[in-house]
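Topology and contacts: notes
Residue strings, one per chain:
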Amino acid sequence: MTGVQTCALPILVLVDGNGENQIVVSPGANDKVVFDEALVASADALMLQNEVPHDVLVKAARACKGLVVLNPSPVRELSHDLLDGVNVMVMTRHEYEAYGQIKRGMVVVTDGSNDAVSYNNGVEVARATPPEIEAVDSVGAGDTFAAALVVGLVSGMGPSAVLRIAVKAAALATRQVGAQTAIPTAAEVDEMLRACRA
């Protein structure tokens with residue numbers, strides 16, 4: 001993208017000895033993002049994050065005819081225009097508390113190695129405990145959780161089944177350093193599900 005001020009290090013990721021992370025983002029090109037309305041309209045699902053301008057989020061949510069999932073991170077004001085176009089929100093416990101425990105629609109809350117909880121209009125409808133795993137690096141675990149959740153929901157799974165798969169996929173993503181390289185395959189998630197049932 002030409003003419004856009006960016007920095008050499010757009011994202012700074014800090015990981016502690018327990019594999020937990022803290023991420024600092026420098027918006028740069030994210031502030032200039034555009035989308036293909038026809039492509040978004042035909043998508044089975046659309047995942048949005050607060051790292052792009054609000055008006056882009058609203059337009060994309062309105063354009064999508066499929067499932068619209070919002071990860072409202074970083075925390076900032078959520079307008080009714082945006083929320084009206086969102087089917088599901090996925091956020092961390094800290095974000096959930098910062099937003100005042102949203103009681104609108106389906107909200108899925110993650111909490112690291114603690115239980116993930118799904119709420120419908122503020123009422124708990126499902127809970128899943130992540131498997132015990134020796135975490136090396138949690139970078140990418142939240143994205144993996146959200147991706148597994150979206151795939152499950154688009155496939156027609158209910159809240160309990162979706163959460164069980166998402167927490168296992170996210171746990172698998174913490175086994176090695178890095179985000180993209182640590183994301184498990186569908187086969188690896190299926191294998192862990194079979195092992196957990198045994």
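Everything below is about the structure printed above this text.
Below, the structure is looked at part by part.

Calculation rules
The numbering scheme is per chain: residues are counted from 1 as the chain's sequence reads. Since the coordinates come from a predicted model, pLDDT governs what is reported: local features require at least 70, and pairs of side-chain atoms require 80 or more to be given and counted, while whole-chain, interface and lining totals use all residues. Hydrogen atoms and water are omitted, and side-chain values are computed over all heavy atoms in the structure. Segments assigned H or I by DSSP are reported as helices when at least four residues long, segments assigned E as strands when at least two residues long, and all are numbered from the N terminus. Burial classes follow relative accessibility: with a 1.4 Å probe on protein chains only, a residue under 20% of its type's maximum area counts as buried, one over 50% as exposed, and anything between as partly exposed. Here, two residues are considered to be in contact whenever any of their heavy atoms come within 4.5 Å of each other. As used in this record, nonpolar core signifies buried Ala, Val, Leu, Ile, Met, Phe, Trp, Tyr and Cys residues forming a set joined through side-chain atoms within 4.5 Å. Whenever a nitrogen or oxygen atom comes within 3.5 Å of another N or O atom, the pair is scored as a polar contact, on the condition that within protein one atom can donate a hydrogen and the other can accept it, and that pairs from neighbouring residues in sequence are kept only if both atoms are in side chains. Here a pair means two rings of Phe, Tyr or Trp (six-membered ring of Trp) with centres within 6.5 Å. Their orientation is stacked below 30 degrees between planes, edge-to-face above 60, and tilted elsewhere. An axis is simply a line fitted to the C-alpha atoms; with a helix, the fit covers only the stretch in contact. Between two such axes, the angle follows the N-to-C directions and lies from 0 to 180 degrees. By definition in this entry, angles of less than 35 degrees are roughly parallel, angles greater than 145 are roughly antiparallel, angles of 65 to 115 are roughly perpendicular, and the rest are oblique. Helix crossings are classified by the rotation of the near helix relative to the far one: an anticlockwise turn of less than a right angle makes the crossing left-handed, while a clockwise turn makes it right-handed. Charged means Asp, Glu, Lys or Arg here, nonpolar means Ala, Val, Leu, Ile, Met, Phe, Trp, Tyr, Cys or Pro, and polar covers whatever is left, Gly included. Should DSSP find at least two bridges between two strands, the strands are regarded as paired.

**Digging into the environment of Val 189**
- When you line up the elements, Val 189 lands in helix α7 (residues 186-197).
- We classify Val 189 as buried; its relative accessible area is 8%.
- Spatially, the C-alpha atom of Val 189 lies 6.7 Å from that of Lys 168, the residues being 21 residues apart in sequence.
- Those residues within four positions of Val 189 in sequence are excluded, and the remaining contacts are Ile 165, Ala 169, Leu 172 and Pro 184.

**Some thoughts on the nonpolar core**
- Ranked by size, the top nonpolar core spans 25 residues in total, and within it Leu 48, Leu 78, Leu 82, Met 89 and Met 91 carry the most contacts.
- When residues of this core are assigned to their parent elements, the largest contribution, five residues, is made by helix α2 (residues 54-63).
- Non-local contacts of Met 89, meaning those with residues more than four positions away in its chain, are made with Leu 70, Leu 78, Leu 83, Ile 102, Arg 104, Met 106, Val 107 and Val 108.
- Counting 24 residues, the second-largest nonpolar core is a separate cluster that includes Val 88, Ala 116, Ala 166 and Ala 169.

**With respect to the side chain of Ser 79**
- Its place among the elements puts Ser 79 in the loop between β4 (67-71) and α3 (80-83).
- At 2.7 Å, the side chain of Ser 79 forms a polar contact with the side chain of His 54.
- Here Leu 82 takes part through its backbone nitrogen, which lies 3.1 Å from a polar atom of the side chain of Ser 79.
- Excluding residues that lie within four positions of it along the chain, Ser 79 makes contacts with His 54 and Val 58.

**Describing the packing of aromatic side chains**
- Throughout the structure, instances matching the rule amount to one aromatic pair.
- Judged by centre distance (5.3 Å) and plane angle (10°), the rings of Tyr 96 and Tyr 119 are stacked. Of this pair, Tyr 96 sits in helix α4 (residues 93-98) while Tyr 119 sits in strand β7 (residues 114-120), and the two are 23 residues apart along the sequence.
- Of the residues examined, Tyr 96 reaches a relative accessible area of 3% and is grouped as buried.

**What to know about the packing of helix α5 (residues 141-154) against helix α6 (residues 159-172)**
- At a minimum axis distance of 8 Å, the contact between α5 and α6 shows a crossing angle of 150°. As summarised for this structure, α5 and α6 are arranged roughly antiparallel, according to the angle between their axes. Remark: the crossing between α5 and α6 carries right-handed chirality. Contacts between α5 and α6 involve Ala 141, Thr 144, Phe 145, Ala 148, Leu 149, Gly 152 and Leu 153 on the former and, on the latter, Val 162, Leu 163, Ile 165, Ala 166, Val 167, Ala 169 and Ala 170.
- Here the residues of the contact of α5 with α6 sort into twelve nonpolar, two polar and no charged.

**Let's talk about the sheet that holds strand β3 (residues 45-49)**
- With mixed pairing, the six strands of this open sheet are ordered in space as β3-β4-β5-β6-β7-β8. Edge strands, defined here as strands with exactly one partner in the open sheet, are β3 and β8 (123-128). The mean inter-strand angle of the sheet, taken between neighbouring strand axes irrespective of direction, is 20°.
- Pairing of strand β5 (residues 88-92) with strand β6 (residues 106-111), which is carried by five bridges, proceeds in the parallel orientation. Looking at β6, one finds that Met 89 is bridged to Val 107.
- Against the sheet, α5 touches β3, β4, β5, β6 and β7, its axis set at about 150° to β3.

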